[in-house]
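The chain contents come next:
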Amino acid sequence: MKTVRKFPEHFLWGGATAANQFEGAYQEGGKGLSCSDVLKAGGSSSLRSLTYCMPDGTVGETGIFAMEQFPEEAVPHVIEGCYYPNHTGSDFYHHYKEDIALFAEMGFQCYRMSIAWSRIYPNGDDQEPNEAGLAFYDSVFTELEKYNIQPIVTLSHYESPLNLTKKWDSWTDRRNIHCFIKYCRTVMERYRGRVKYWLTFNEINSIVYGGWLEAGVISCKKSELEQAAYHQFLASAMAVKLAKEIDPENMIGCMIAYTPAYPYSCKPYDTFGCLEYMNESFFFFSDVMVRGYYPSRKRKKLKRKGIVLQREKGDDEILKQGIVDYIGISYYMSSVYSSSNDGMEAAQGNMMAGYKNPYLQTSQWGWQIDPMGLRVALNQLYDRYQKPIFVVENGLGSSDQIEADGTIQDDYRIAYLKAHIEQMYEAINSDGVDVMGYTPWGCIDLVSASTGQMSKRYGFVYVDRNDNGTGDFQRKKKKSFQWYRQVILSNGEIL
Ligand code: BGP
């Protein structure tokens, strides 16, 4: 069906992936281990676990959101004979030319990817960068340039170097900032003029739900997680400043997992509780990186809890000087907040799911599908900050069937994306929100972050790889491939 709809002239259409879930080749080209390399696969109803080794050589595992069970003496460890899906990902490392050609065929104007820090500094704190790692991304950028595709580079997407966890529990320690900034300097100088759009920490606010995935932090003490977040804010601000010094043309943003919550009822407790939940889970993070200081409500809250952040002279200035140019968000679903859990049914989701919304359908993985929630999200953030917003993740995780004739008829994915693009358009066109672009998640199938499954697919392109590690990584276009090509070609007019 044709509708008359035109997105802004310079709107960036593309797709998104992350090195830890897509690249594979976890030990090739001198790469070191990252916090994602010790994660086993979970299943549809079980999240992933982290494997470790005890001083006596015995091994074990703990759920990534149950870090309180991680034994004190244990060290994260790759157990021989165990299957770790991120080790191979979708093998982009060996398929990047083919994959980028597929992006070009869809008409991508941009491609959101991440650089694996441990490919550049295998131990996180090495003296010299790893030339083979730098050369790999040179080749990726050369390939993108061939087709005029702008890279959007996330500096840290769930892949903090494992060695830094072993040394000082990663971001809980201030020394991590200096290692990160050294890495930022290396890649920003090396790729000056080739990469203009940067993002600092992927879904920085997911640290609220546990420090492993986002920050490689073992500790689950609230005070240490607050400290780790503080160090990441400083690092983000320093990266922003550095990016501008290295190239004033650079545009650098933050990235928040944004799942707007609706109060379950009109009870004032539900409304205020919902506001507090939004403040703590989302706005605290965006406030610090967009406004450059801790909001007063957060300072009060830390005080009430007796948490004293370790700060140094000059930190306030660092935060102030490092405010971002734009806000990146991932949006998959909305949630429901209720002040009482009486008779409420919990919803599923990777982290911020809340309660079931009776007005919404859910995905196969139980995530609540809410296209209008994206319009809500864009309005809330734009009203609050008046900064451009980049929708750098959105999509439907679903299992796909290969038909007898070899096709993949993913109409459900088309319906999901179409409905979200329509709402994004309303936010731009009717509400005046400044949206820079749209990069649907997992544009080529990749490993799920929360479950480690391959069968939870998001792509326009199918990858022959199964949950048990079989498959030859062959790529195959789905029905949505031609559909998205048309969307981009018509600049959103034909959905
Ligand atoms: C976001 C992450 C991505 C991605 C996506 C989908 O939270 O930034 O890395 O994986 O969610 O989630 P999942 O893979 O768990 O389905």
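In what follows, the structure referred to is the one given above.
Residues numbered from 1 in each chain as written. Predicted model: local features only at pLDDT ≥ 70, side-chain atom pairs only at ≥ 80, totals over all residues. Heavy atoms only, no water.

**With respect to the overall build of the protein**
In step 1: When you go through the protein residue by residue, the secondary structure sums to 14 helices and 17 strands.
In step 2: The C-alpha atoms of the protein give a radius of gyration of 21 Å, which matches the 23 Å a tight globule of 495 residues would have.
In step 3: Within the protein, buried positions represent 61% of all 495 residues.
In step 4: Carbon and sulfur atoms form 50% of the exposed surface of the protein, whose accessible area is close to 19200 Å².
In step 5: One finds the centroid of the 52 positive side-chain charges in the protein at a distance of 4 Å from the centroid of its 60 negative side-chain charges. (Helix = DSSP H or I, 4+ residues; strand = E, 2+ residues; numbered from the N terminus. Rg over C-alpha atoms; globule rule 2.2 N^0.38 Å. Buried < 20%, exposed > 50% of the residue type's maximum accessible area, 1.4 Å probe, protein only. Areas by Shrake-Rupley, 256 points an atom, 1.4 Å probe, with all protein chains shown as cover. Lys, Arg positive; Asp, Glu negative; His and termini not counted. Charge placed at Lys NZ, Arg CZ, Asp CG, Glu CD.)

**Concerning the pairing of strand E8 (residues 251-257)**
In step 1: Counted residue by residue, E8 has 6 buried out of 7 residues, so it is predominantly covered.
In step 2: When strand E7 (residues 197-201) meets E8, the two strands line up parallel, connected through 3 bridges. Each bridged residue has a counterpart across the sheet, and for Trp-198 the counterpart in E8 is Ile-252.
In step 3: Pairing of E8 with strand E10 (residues 326-330), which is carried by 5 bridges, proceeds in the parallel orientation. Considered in E10, the bridge of Ala-257 is made with Ser-330. (Pairing = 2+ DSSP bridges.)

**Some remarks on the pattern of salt bridges**
In step 1: Applying the stated criterion across every chain, the model contains 39 salt bridges.
In step 2: Notably, a salt bridge pairs Lys-477 with Glu-105, separated by 2.8 Å at the nearest N-O pair. Placement of the pair is Lys-477 in strand E17 (residues 475-477) and Glu-105 in helix H2 (residues 92-106), with a sequence separation of 372 residues.
In step 3: Overall, Lys-477 belongs to the partly exposed group, its relative accessible area being 38%.
In step 4: Accessibility expressed as a relative area gives 34% for Glu-105, which makes it partly exposed.
In step 5: A cluster of three or more residues bridged by salt bridges with shared partners is formed by Asp-400, Asp-410, Arg-413, Asp-445, Arg-457 and Lys-478. (Salt bridge = Lys/Arg side-chain N within 4 Å of Asp/Glu carboxyl O.)

**Looking at the site of the ligand**
In step 1: Taken together, 15 residues sit near the ligand, with Glu-203, Ala-449, Ser-450, Lys-456 and Tyr-458 positioned nearest.
In step 2: The separation between an oxygen atom of the ligand and a polar side-chain atom of Gln-21 is 2.9 Å.
In step 3: In the model, an oxygen atom of the ligand is placed 2.9 Å from a nitrogen or oxygen of the His-157 side chain.
In step 4: Within the complex, the protein chains bury 100% of what would otherwise be the 370 Å² of accessible surface of the ligand.
In step 5: Residues belonging to the shell around the ligand are distributed by class as follows: 6 nonpolar, 6 polar and 3 charged. (Near = heavy atom within 4 Å. Polar contact = N/O pair within 3.5 Å; in protein donor to acceptor, adjacent residues only side chain to side chain. Nonpolar A, V, L, I, M, F, W, Y, C, P; charged D, E, K, R; others polar.)

**Thoughts on the packing of helix H9 (residues 268-291) against helix H10 (residues 296-304)**
In step 1: Their axes nearest at 10 Å, the elements H9 and H10 cross at an angle of 120 degrees. When the axes of H9 and H10 are compared, the pair comes out oblique. Of the two elements, H9 crosses H10, and the hand of that crossing is left-handed. The residues of H10 that touch H9, namely those facing Asn-279, Glu-280, Phe-283, Phe-284 and Asp-287, are Arg-297, Lys-298 and Lys-301.
In step 2: Looking at the contact of H9 with H10, its residues break down into 2 nonpolar, 1 polar and 5 charged. (Axes fitted to C-alpha atoms, helices over the stretch in contact; angles between N-to-C directions. Parallel < 35°, antiparallel > 145°, perpendicular 65-115°, else oblique. Left-handed = near helix turned anticlockwise from the far one by under 90°. Contact = heavy atoms within 4.5 Å.)

**Looking at the sheet that holds E8**
In step 1: Pairing within the closed barrel is parallel, and its 8 strands lie in the order E1-E5-E6-E7-E8-E10-E14-E15. In this sheet, neighbouring strand axes are inclined to one another by 30 degrees on average, regardless of whether the strands run parallel or antiparallel.

**Side note on H2**
In step 1: Given a rise of 1.5 Å per residue, 15 residues ought to cover 21 Å, yet the end C-alpha atoms of H2 are separated by just 17 Å, more than 12% below that figure.
In step 2: At Glu-98, H2 is bent by approximately 40 degrees, the largest bend along its length.
In step 3: Looking at H2, one finds that the buried residues are Phe-92, Tyr-93, His-95, Tyr-96, Asp-99, Ile-100, Leu-102, Phe-103 and Met-106.
In step 4: Looking at the residues trailing H2, positive phi occurs at Gly-107, about 90 degrees. (Expected span 1.5 Å × (residues − 1). Bend = angle between axes of the 7 residues up to and from the residue.)

**Some remarks on unusual backbone geometry**
In step 1: Even without being glycine, Ala-25 reaches a positive phi, approximately 45 degrees.
In step 2: Note that Ala-25 resides in the loop between helix H1 (19-22) and strand E2 (49-53).
In step 3: Even without a glycine there, the phi angle at Ser-170 is positive, about 50 degrees.
In step 4: The residue Ser-170 is located in the loop between helix H5 (162-168) and helix H6 (175-190) in this model.
In step 5: Under the relative-accessibility criterion, Ser-170 is labelled buried at 0%.

**Regarding the nonpolar core**
In step 1: Membership of the largest hydrophobic core comes to 128 residues, with the highest contact counts inside it found for Phe-180 and Met-424.
In step 2: The leading source of residues in this core is helix H8 (residues 222-246), at 13 residues.
In step 3: Residues contacting Phe-180, with those up to four places away along its chain left out, are Trp-117, Leu-155, Ser-156, Trp-171, Phe-201, Ala-235 and Ala-239. (Core = buried A, V, L, I, M, F, W, Y, C linked by side-chain atoms within 4.5 Å.)

**Side note on the packing of H2 against helix H4 (residues 131-146)**
In step 1: Orientation of H2 relative to H4, taken along the N-to-C sense of each, is 10 degrees, at an axis distance of 9 Å. When the interaxial angle is binned, H2 and H4 end up roughly parallel. Touching Phe-92, Tyr-93, Tyr-96, Lys-97 and Ile-100 of H2 are Phe-136, Ser-139, Val-140, Glu-143 and Leu-144, all from H4.
In step 2: When grouped by side-chain class, the residues that make up the contact of H2 with H4 number 7 nonpolar, 1 polar and 2 charged.

**Remarks on the pairing of strand E3 (residues 59-63)**
In step 1: Here E3 shows a clear split, with Gly-60 and Thr-62 buried on one side and none of Val-59, Glu-61 and Gly-63 buried on the other.
In step 2: Direction of pairing for E2 relative to E3: antiparallel, over a ladder of 5 bridges. Across the sheet, Cys-53 pairs through a bridge with Val-59, a residue of E3.
In step 3: Between the antiparallel neighbours E2 and E3 lie 5 residues, among them Gly-57 with a positive phi of about 95 degrees.

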